[in-house]
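Per-entry structural report
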Amino acid sequence: EPERVVVGTLDLNVGALPAEALRPKQANAPGTRAGYLSNVCVAPSARRKGVAKLLIESAASLAREKGLAPVYVHVVATNEPARVLYESMGFVFEAEETQEEARTRGKERRLLLRRDTP
């Protein structure tokens, strides 16, 4: 049997992220069940080979099956390759973190992107 190696992962979270300051505009709308992608990562040796796209499409498909709409993801504002990937997959800008919010978190400024699932 061939050796199996994990080269990428992501989490698909259901519902609101209560501890998250950068939230969707519709986060608290009654009856809204959104999906959130987090911890999207691909091993350096497997990048630029379609792994992230496959993971994201699989998660979006599962979100659709579970009735989650839309799907959101946070991306570091300066991570151009990730932004281009998400945008090529139908994600659009929803909101952005201020420099002060990012400084409070001690991390880089992020954007919140949204993809509506049919």
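Our subject is the structure listed above.
Okay, so let's go over this structure. (Residues numbered from 1 in each chain as written. Predicted model: local features only at pLDDT ≥ 70, side-chain atom pairs only at ≥ 80, totals over all residues. Heavy atoms only, no water.)

What follows covers unusual backbone geometry. Leave glycine aside and you will find that most residues have negative phi; peptide bonds, for their part, are mostly trans. Each neighbour pair has its own omega, and for alanine 69 with proline 70 the value is -5°, a cis peptide bond. Checked against the element boundaries, proline 70 lands in the loop between α1 (51–65) and β3 (71–76). With phi around 55°, asparagine 39 is a residue other than glycine that occupies positive phi space. By secondary structure assignment, the location of asparagine 39 is in strand β2 (residues 35–42). Residue arginine 48 is not a glycine yet carries a positive backbone phi of 65°. Inspection of the secondary structure assignment puts arginine 48 in the loop between β2 and α1. (Helix = DSSP H or I, 4+ residues; strand = E, 2+ residues; numbered from the N terminus.)

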